[in-house]
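# Geometric and topological summary
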Amino acid sequence: MNWDQLDWHILDRLREQFLRGAPGDYWRSAADLANYDFTFAQRIGWKWDAVLAELDRLGWRPPPGPVLDWGCGSGIAGRRVCEHFGLAPRRVFDRSTLAMEFAGGERWRGQPPGVLVLSHVLNELRELPAVIEQAEAILWVEPGTFADSRALIAVRETLRDRFHIVAPCTHRAPCGMTGSDWCHFFAEPPKGVLADPNWVRFAQRAGIDLRSLPYSYLVLDRRPFAVDGARVIGEPRRYKGYAKALLCEATGVRDTMIQKRDRSLKTIRSGTLLTLP
Ligand SMILES: C[S@@+](CC[C@H](N)C(=O)[O-])C[C@H]1O[C@@H](n2cnc3c(N)ncnc32)[C@H](O)[C@@H]1O
């Protein structure tokens, strides 16, 4: 696949499908998956890169055992996770046989996974996949909208008694996100993408902002894992000499002023883990 081979009828239909969230299998051909994998899935891959980098910062390592990419689509998420940690085998499952064929890897036959990968699938589900109960660890990435974030928080609340929370939460207490706030972060595209005429044309035509890759995520592990500090939610607001950020910690979520004298303000970004004085 290359930029000249893109089929905009397919991309428009898929985008419409994702926006409407209409039920049913929408993969009609291998070409659907190839077009998706070359474009929309790459943006999802950049969100995964941000999550995997944060897991490295936290010193988290996956448990042994196979990786299962459930609801794999073209397979971008499972591939990213396996490549990042050097894991194998990569197993795939999707209601679409076409998707499983495109995603490659081994077909999942019900074996318990070491790492269960879920990506951009929650708003298509009527119920949570039962395989969650068999997984040692779960890596889950969703879009960064209010609705998707809140849906993922609801999942967190049902699972936090059985799993330790690796990220983004710094605690296992009930989620403190209330009101109009939502738990989301921003990933960056790789260097060069914003200046790449193909990506720029794609973004204009698809009506998406390449600079802003909002996502929400949840990483769970059966093994004990503790994180100290407060997590910056969303984008901090910068002012002269101070910044304001929504910080999440065990005692709740609060809008906090961070003075320049406390910390270099440049280092505070979406998702930063702060140790507060
Ligand atoms: C938006 S796509 C995301 C694909 C891929 N995970 C990614 O991040 O690019 C959602 C995928 O979930 C699959 N899916 C939706 N409901 C499912 C179900 N009940 N069982 C298995 N797969 C499902 C769809 O067929 C589709 O491939």
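Residues numbered from 1 in each chain as written. Predicted model: local features only at pLDDT ≥ 70, side-chain atom pairs only at ≥ 80, totals over all residues. Heavy atoms only, no water.

## Quick look at the domain arrangement of the protein chain
The domain boundaries assigned to the protein chain delineate domain 1 (3-223) and domain 2 (228-277). With 17 residues of domain 1 in contact, the opposing surface of domain 2 contributes 16 residues. Summed over both partners, the interface of domain 1 with domain 2 buries about 1,200 Å², with 60% contributed by carbon and sulfur atoms. Of all residues in domain 1, Thr170, Phe185 and Phe186 bury the most surface against domain 2, accounting for 37% of the area lost on that side. Taken together, domain 1 and domain 2 are joined by two salt bridges. The salt bridge partner of Glu188 is Arg269, with a shortest N-O separation of 2.6 Å. Along the contact surface separating domain 1 from domain 2 lie six residue pairs in polar contact (both at pLDDT 80 or more). (Domains from an automatic or database assignment. Contact = heavy atoms within 4.5 Å. Buried area = accessible area lost by both parts, 1.4 Å probe. Salt bridge = Lys/Arg side-chain N within 4 Å of Asp/Glu carboxyl O. Polar contact = N/O pair within 3.5 Å; in protein donor to acceptor, adjacent residues only side chain to side chain.)

## So, the nonpolar core
Residues Leu55 and Leu139 are the most contacted members of the largest nonpolar core, which totals 54 residues. Tallying contributions element by element places helix H3 (residues 40-58) first for this core, with ten residues. Summarising the domain contributions, this core has at least three residues from each of domain 1 (3-223) and domain 2 (228-277). If we ignore the near neighbours within four places in the chain, the residues touching Leu139 are Trp48, Leu52, Leu55, Trp60, Val81, Phe85, Val115, Leu116, Val117, Leu118, Leu218 and Val219. Membership of the second largest hydrophobic core comes to 20 residues, among which are Leu122, Leu152, Phe163 and Leu220. (Core = buried A, V, L, I, M, F, W, Y, C linked by side-chain atoms within 4.5 Å. Buried < 20%, exposed > 50% of the residue type's maximum accessible area, 1.4 Å probe, protein only. Helix = DSSP H or I, 4+ residues; strand = E, 2+ residues; numbered from the N terminus.)

## Some thoughts on the pattern of salt bridges
Inspection of every chain in the model, using the stated rule, returns 18 salt bridges. Asp209 is paired through a salt bridge with Arg211; the nearest N and O atoms lie 3.1 Å apart. A relative accessible area of 33% means that Asp209 is categorised as partly exposed. For Arg211, a relative accessible area of 61% translates into the label exposed. Bridged by salt links that share partners, the residues Glu54, Arg57 and Arg231 form one connected network.

## Quick notes on helix H7 (residues 197-206)
Every buried residue of H7 is accounted for by Trp199, Phe202, Ala203 and Ala206. When H7 is viewed along its axis, its buried side chains cluster within an angular range of 95° and face the same direction. Exposed and facing more than 90 degrees away from the buried side of H7 are Arg201 and Gln204. Residues of H7 that are buried in the fold lie against helix H1 (8-20), helix H2 (30-38) and H3. For H7, the N-terminal cap is Asp196; the gap from its side-chain oxygen to the backbone nitrogen of Asn198 is 2.8 Å. Once H7 finishes, Gly207 follows within two positions and takes phi at roughly 70°, a positive value. (Arc of directions from axis to C-beta.)

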